[in-house]
Amino acid sequence: MLEKLFGKGNTGFVLALGGGGGRGLAHLGVLDVLETHDLKPDVIVGSSIGSLFGAMYALDPDVKSCIERAKGFLESDLFNRLDLPILDGMEVEDRSWLSRLTAAARQSILFTRAATGIAVVDVHVLIEIVHIFCQEQSFNDLKIPLHILAVKFPSGECRIFSPDVDVILAHAIAASMAIPGVFNPVVIHGERFVDGSLAAELPAKEAKMMANPNQFVIAVNVGSRPSPDEEPKNVIGMLDWATRIKSLYLRQYKKAYADVLIEPLVGFTQWHDFSNPEEEIEKGRQAALEQLPKIMKKLGR
């Protein structure tokens, strides 16, 4: 009561959206619950896929529109032509000799690319995808302030792109999503950048830096968890497993900076799996609803 009388306490929040590929669809479910309860973030901080969905919402704070556009893209020819690499096993449902031969050939091509270059997918495809969602809009068109994380290559410095930096919005988002080894680095003003998740898969610390004394941080963790029932089948799979374990413990450190932590149950979804968008979105809704009382209490509602 005293806080209301004297204007103290929380007046808003900074929303941190983490990286996770297909698991990031859960961000849309979280935004849906927040919007339904008239809870709009004062600032959004995004890393990797979190930067894309964060930008979509910051440009047009209408989550139903964002969901429809995302689902429409996942059904498009462009997405179906996007050949995301799967290097840990052949993972084909059809075990006919032709399917196995095709999968083996595909693996051979991917391994050749991996051995002779630093990426297996043209980064211009990623930039084209970002343009589909953001068109030619810029940081100046944002309805909600947005900060995007990327990592400078090869020095490894974390860079935060924001409205006061002269950077093309689509390029900043693409840089934040440029998974090393999958996409080439994105060039911005003569410097090369890759996936922001390398520095902050859960950008809660960065969100805390952006928050003023009357704002708290809501962080959405859509990071992966290694399955106890699956073991890597080759060296690349083993390296991927090691990376996921490292990320798991790094996120534990980042979580401490969140005042409210939302964790959709998407940990076992593979980063390249966008096949069940509504299911992943619903997981985001459920996780947000669980934390809703805590959010309302912090806002004094």
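Attention in this report is confined to the structure presented alongside it.

Cut-offs and rules
Residues numbered from 1 in each chain as written. Predicted model: local features only at pLDDT ≥ 70, side-chain atom pairs only at ≥ 80, totals over all residues. Heavy atoms only, no water. Core = buried A, V, L, I, M, F, W, Y, C linked by side-chain atoms within 4.5 Å. Buried < 20%, exposed > 50% of the residue type's maximum accessible area, 1.4 Å probe, protein only. Helix = DSSP H or I, 4+ residues; strand = E, 2+ residues; numbered from the N terminus. Contact = heavy atoms within 4.5 Å. Pairing = 2+ DSSP bridges. Right-handed = clockwise from strand over helix to strand, strands pointing away. Expected span 1.5 Å × (residues − 1). Bend = angle between axes of the 7 residues up to and from the residue.

**Section: the nonpolar core**
Counting residues in each nonpolar core, the largest one holds 72 residues, and the members touching the most others are Phe 161 and Ile 173. If you tally residues by element for this core, the top one is helix 3 (residues 49-59), at eight residues. Non-local contacts of Ile 173, meaning those with residues more than four positions away in its chain, are made with Ser 51, Leu 52, Ala 55, Val 130, Cys 134 and Ile 148. The next biggest cluster of nonpolar side chains, apart from the first, holds 13 residues, and it includes Ala 16, Val 45, Leu 149 and Ala 219.

**Topic: the pairing of strand 1 (residues 12-17)**
Burial analysis of strand 1 places six of its six residues in the buried class, which makes it a mostly covered element. Along strand 1, one buried face is formed by Gly 12, Val 14 and Ala 16 and the opposite face, lined by Phe 13, Leu 15 and Leu 17, is buried too. Relative to strand 7 (residues 215-220), strand 1 is paired through six bridges, and the arrangement is parallel. Each residue of the ladder has a partner; that of Leu 17, found in strand 7, is Val 220. Summarising the sheet, strand 1 and strand 2 (residues 43-47) pair through four bridges and their orientation is parallel. If you follow Leu 17 over to strand 2, its bridge partner there is Gly 46. Regarding topology, helix 2 (residues 26-36) serves as the crossover connection from strand 1 to the parallel strand 2, and that connection is right-handed.

**Looking at helix 12 (residues 277-298)**
Given 3.6 residues to a turn, an α-helix orients residues that are three or four positions apart in the same direction. Here helix 12 spans 31 Å end to end across 22 residues, near enough to the 32 Å set by a 1.5 Å rise per residue. At Gln 291, helix 12 shows its maximal kink, close to 45°; a proline, Pro 293, follows between one and four residues later. Taken together, the buried positions of helix 12 are occupied by Pro 277, Glu 280, Ile 281, Gly 284, Arg 285, Ala 287, Ala 288, Leu 292, Ile 295 and Met 296. Turning to helix 12, the residues buried within the fold contact helix 2, helix 4 (63-74), strand 7 and strand 8 (260-262). At the exit of helix 12 stands Gly 300, carrying a positive phi of roughly 70°.

**Notes on unusual backbone geometry**
The omega torsion across Phe 153 and Pro 154 is 5°, close enough to zero to call that bond cis. Within the element layout of this structure, Pro 154 appears in the loop between strand 3 (146-153) and strand 4 (158-161). A positive phi angle, near 60°, is found at Ser 48, a position not held by glycine. Along the chain, Ser 48 turns up in the loop between strand 2 and helix 3. Residue classification places Ser 48 among the buried residues on the basis of a relative accessible area of 6%. Even without being glycine, His 189 reaches a positive phi, approximately 50°. Classification of His 189 by relative accessible area gives exposed; the value is 62%.

By themselves, these figures tell us nothing about what the structure is for.
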